[in-house]
Amino acid sequence: MMHARRFNYVGPAEIRDEAVTLEAFAVRSATLLGDWLAGRGSADLEEPLTFVVTLNGDLKLAPRRSEHVALAAGQDLLAAGEMRFGRDASGWRVLEVTNQSTGYCPDPDCWPAVRESLDRLGMAHPGDFTDKVVFRRCPSCGERNIVRDDDFTCALCDSELPARWNFPPA
């Protein structure tokens, strides 16, 4: 596994403390993933799934409204976000994938961990995040921020946000 950065949970304590471990699908093969996706029904597949990549590089999936911290059982991760699948003549593939996780706030540089987990499964994917979310912690008030339109200003206190990812290391 090339990606060395670990991401710890940085979201609200009440979500972490109330999150129940949920029934996650630990992806062991593309065939089993295809069977699991096919069993979900077409309406469910229109919405992305919550995903995490564990420290040992395994991909886990759960319904979108699941908390990443519950899917990860509170553990540190290599990547987290949302993933949407689709099927074509060649089989199942990842159509969209983001690092959207306000609980772990992973930097877009976590893509190699996602790519490696999908490549190991032989799952076709877009080659990078289809939507990269830039997270920053405000050094003044501590608020987690999503940077939009290159505006590095805290949404809560209007302080300047750092140019580099700055959450506490795992």
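Residues numbered from 1 in each chain as written. Predicted model: local features only at pLDDT ≥ 70, side-chain atom pairs only at ≥ 80, totals over all residues. Heavy atoms only, no water.

Looking now at the pairing of strand E3 (residues 59–63). Across two bridges, strand E1 (residues 25–26) lies against E3 in antiparallel orientation. Paired with phenylalanine 25 across the bridge in E3 is leucine 61. Two elements, strand E2 (residues 49–53) and E3, share five bridges in a ladder whose sense is antiparallel. Paired with phenylalanine 51 across the strands is leucine 61, a residue of E3. (Pairing = 2+ DSSP bridges. Helix = DSSP H or I, 4+ residues; strand = E, 2+ residues; numbered from the N terminus.)

According to the stated counting rule, one finds zero disulfides in the structure shown. Cysteine 110 takes part in no disulfide bond, and the closest cysteine sulfur, belonging to cysteine 105, lies 11 Å away. Take cysteine 110: its relative accessible area is 0%, and that puts it in the buried class. Lacking any disulfide linkage, cysteine 157 is separated from the closest cysteine sulfur, that of cysteine 138, by 3.6 Å. Taking the relative accessible area as the measure of exposure, cysteine 157 reaches 33% and is therefore partly exposed. (Disulfide = S-S within 2.5 Å. Buried < 20%, exposed > 50% of the residue type's maximum accessible area, 1.4 Å probe, protein only.)

In the structure shown here, the tally under the stated rule is five aromatic pairs. Ring geometry for phenylalanine 7 and tryptophan 165: centres 5.3 Å apart, planes at 90°, overall edge-to-face. Separated by 158 residues along the polypeptide, phenylalanine 7 in the segment before helix H1 (13–18) and tryptophan 165 in the segment after strand E7 (144–147) bring together distant segments of the chain. Side by side, phenylalanine 7 and tryptophan 165 carry an identical accessibility label, which is buried. A network of ring pairs unites the aromatic residues Phe7, Trp165 and Phe167 as a single cluster. For the cation-ring pair, arginine 5 lies above tryptophan 165, with the distance from its terminal atom to the ring centre recorded as 4.4 Å. (Phe/Tyr/Trp six-rings, centres within 6.5 Å; stacked < 30°, edge-to-face > 60°. Lys NZ or Arg CZ within 6 Å of the ring centre and 35° of its normal.)

Looking now at helix H5 (residues 111–121). Inspection of H5 places Trp111, Ala113, Val114, Glu116, Ser117, Leu118 and Leu121 among the buried residues, and these make up the whole buried set. Looking at the packing, one finds that the buried side of H5 touches helix H2 (30–38), E2, E3, strand E4 (79–88) and strand E5 (91–98). (Contact = heavy atoms within 4.5 Å.)

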